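Spelled out from the first residue to the last, the chains are:
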Amino acid sequence: MDNLKRAAIVMLSLDKSLASQVVNLLPKDQVERLTMEIAKTDDVSIDEQELVINEFRDKLGHRTPIERGSLDFASELLKQSLGGDAANTIVDNVRKSLESVPFGFLHRVKGDDLFNFLSDEHPQTIALILSYLPTNLAADVLSELETEKQLDVVRRIANMEQTNPEIVREVENSLKARMASLFSEESERSGGVPLVAQILNVSDRKTSKGILDALGQDSADLATEIQRLMFVFDDIVKLDNKSIQAVLKEVEVGQWALALKGVSEELKQKIFGNLSTRAAENLKEEMQMLGAVKSSEVEGRQQEIVDVIRRLENAGLVVVASGEGEKMLS
């Protein structure tokens, strides 16, 4: 572990006000490097934290639980120590560096061409590459893979966390050499279930349903987790009126009072517009009577309704748009 990483862990272990005082004492050329490291710091094990804290124990006061590193944390810290303008300049520079994406040279390749290039690669290599691609492009490649390989790649993406930058760089350099294309500088990016959901969301219905059905046979929990992320409560506004009415038949009007707390006016009007005038007025009154509620309760009720929508979709009673959708024929 290098000194910059140690410094980032120390800063994340300090109270923000104390950390800002430390930053204020550093030369400006070191502030940006430290900010970058804080923003990149993800999970830190207890052993790593204790090792670093012990090294600095003579200079530290009381320890506080370490926070997850983020650019927001770094920005807040810099504003306290350097002021808004200076902090924004540094954060903008750091953000540009962090947003440099590996495998950028593949973004210009068509999906079918990229599939032909990657089809014989090991599933782990394909999973790594797809985790860096725009979801539309990743979906194009995924839809062309044979079913068994699709499932293997999806599982690997879902279980992928942070990838060693050296491995990313090796794979990227190898692809660059083979394709003779320009490439972006190395960066890290996690795979995970959310990325699988994004890819399947823009896949054609046959591909996404086939993958989820197959996953459900031996990885039901994973399939459910992916499926829940593929459609969120706010997406109800995208449903057609026929689908909305099918959902309203399955969900009591009273349940919507809690679920609609804090959502967009557009979504509220979507629901109100598919109720009778009297039912809509009753719902509005019930929402007003609820008062303040815990966000966890709202999210729980919203998820229950999303689960109902998914059940109705599987039964063919609700149409959830996926990707760019099918072309309409006259």
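Predicted model only: the values in this text are computed from it and were never measured.

1. Here we look at the overall build of the chain
So, step 1. Counting secondary structure elements, the chain contains 19 helices and zero strands.
So, step 2. Per-residue burial over the chain gives 42% buried out of 330 residues.
So, step 3. Of all intrachain contacts in the chain linking residues separated by at least 6 positions in sequence, the fraction that spans at least 24 positions is 78%.
So, step 4. Within the structure as shown, the chain displays about 18,900 Å² of accessible surface, and the carbon and sulfur contribution to it stands at 47%.

2. Remarks on helix α17 (residues 265-272)
So, step 1. The set of residues buried in α17 consists of Leu 267, Lys 268, Ile 271 and Phe 272. Mapping the buried residues of α17 onto a view down its axis gives an arc of 135°, with all of them on the same face.
So, step 2. Packing partners of the buried residues in α17 comprise α15 (241-250), α16 (253-259) and α18 (277-290).

3. Looking at the packing of α15 against helix α19 (residues 295-314)
So, step 1. Between α15 and α19, the least distance of the axes is 10 Å, while the angle of their chain directions is 115°. Note that α15 runs across α19; the crossing there is right-handed. Where α15 abuts α19, its residues Ala 246, Val 247 and Glu 250 lie against Ile 305, Val 308, Ile 309, Arg 311 and Leu 312.
So, step 2. In terms of residue class, the contact of α15 with α19 is built from six nonpolar, no polar and two charged.

4. Brief notes about a negative patch on the surface
So, step 1. On the surface, Asp 112, Asp 113, Asp 140 and Glu 144 cluster together into a negatively charged patch.
So, step 2. Breaking the negative patch down by element, the ones donating at least two residues are α7 (111-118) and α9 (135-144).
So, step 3. Within the secondary structure, Glu 144 is located in helix α9.
So, step 4. By relative accessible area, which is 45% here, Glu 144 ends up partly exposed.

5. A short note on the pattern of salt bridges
So, step 1. The full count for this structure, using the stated rule, is eight salt bridges.
So, step 2. Note that Asp 152 and Arg 156 form a salt bridge whose closest N and O atoms lie 2.8 Å from each other. Placement of the pair is Asp 152 and Arg 156 together in helix α10 (residues 147-159), with a separation of four residues, close to one helical turn.
So, step 3. A salt bridge links Arg 310 to Glu 313; the nearest nitrogen and oxygen atoms lie 2.3 Å apart. Placement of the pair is Arg 310 and Glu 313 together in helix α19, with a separation of three residues, close to one helical turn.

6. Let's talk about the packing of aromatic side chains
So, step 1. If you walk through the whole model with that rule in mind, you get one aromatic pair.
So, step 2. Residues Phe 233 and Trp 256 carry aromatic rings whose centres are separated by 6.1 Å and whose planes lie at 40° to one another, so their mutual orientation is tilted. Here Trp 256 lies in helix α16 and Phe 233 lies in the loop between α14 (220-230) and α15, a separation of 23 residues in the sequence.
So, step 3. Under the relative-accessibility criterion, Phe 233 is labelled buried at 5%.

7. Quick word on α15
So, step 1. Buried within α15 are the following residues: Ser 243, Ile 244, Ala 246, Val 247 and Leu 248.
So, step 2. Residues of α15 that are buried sit in contact with α16, α17 and α19.

8. Looking at the environment of Ile 199
So, step 1. Relative to the helices and strands, Ile 199 resides in helix α12 (residues 193-201).
So, step 2. Along the sequence, Ile 199 and Asn 136 sit 63 residues apart, while their C-alpha atoms lie 6.7 Å from each other.
So, step 3. The residues touching Ile 199, leaving out its near neighbours within four places in the chain, are Leu 130, Thr 135, Ala 138, Ala 139, Leu 142 and Ile 157.

9. Remarks on the environment of Leu 4
So, step 1. With respect to the secondary-structure elements, Leu 4 resides in helix α1 (residues 3-13).
So, step 2. Leu 4 sits in the partly exposed class, given a relative accessible area of 23%.
So, step 3. Sequence-wise, Leu 4 and Leu 34 are 30 residues apart; in three dimensions their C-alpha atoms are separated by 6.6 Å.
So, step 4. Once residues within four sequence positions are removed from consideration, Leu 4 is found in contact with Arg 33, Leu 34 and Glu 37.

How each quantity is defined
- Residues numbered from 1 in each chain as written.
- Predicted model: local features only at pLDDT ≥ 70, side-chain atom pairs only at ≥ 80, totals over all residues.
- Heavy atoms only, no water.
- Helix = DSSP H or I, 4+ residues; strand = E, 2+ residues; numbered from the N terminus.
- Buried < 20%, exposed > 50% of the residue type's maximum accessible area, 1.4 Å probe, protein only.
- Contact = heavy atoms within 4.5 Å.
- Areas by Shrake-Rupley, 256 points an atom, 1.4 Å probe, with all protein chains shown as cover.
- Arc of directions from axis to C-beta.
- Axes fitted to C-alpha atoms, helices over the stretch in contact; angles between N-to-C directions.
- Left-handed = near helix turned anticlockwise from the far one by under 90°.
- Nonpolar A, V, L, I, M, F, W, Y, C, P; charged D, E, K, R; others polar.
- Patch = residues over 30% accessible without salt bridge, like charges linked within 9 Å, V, L, I, M, F, W, Y side chains within 5 Å.
- Salt bridge = Lys/Arg side-chain N within 4 Å of Asp/Glu carboxyl O.
- Lys, Arg positive; Asp, Glu negative; His and termini not counted.
- Charge placed at Lys NZ, Arg CZ, Asp CG, Glu CD.
- Phe/Tyr/Trp six-rings, centres within 6.5 Å; stacked < 30°, edge-to-face > 60°.

Nothing here speaks to function; it is geometry throughout.
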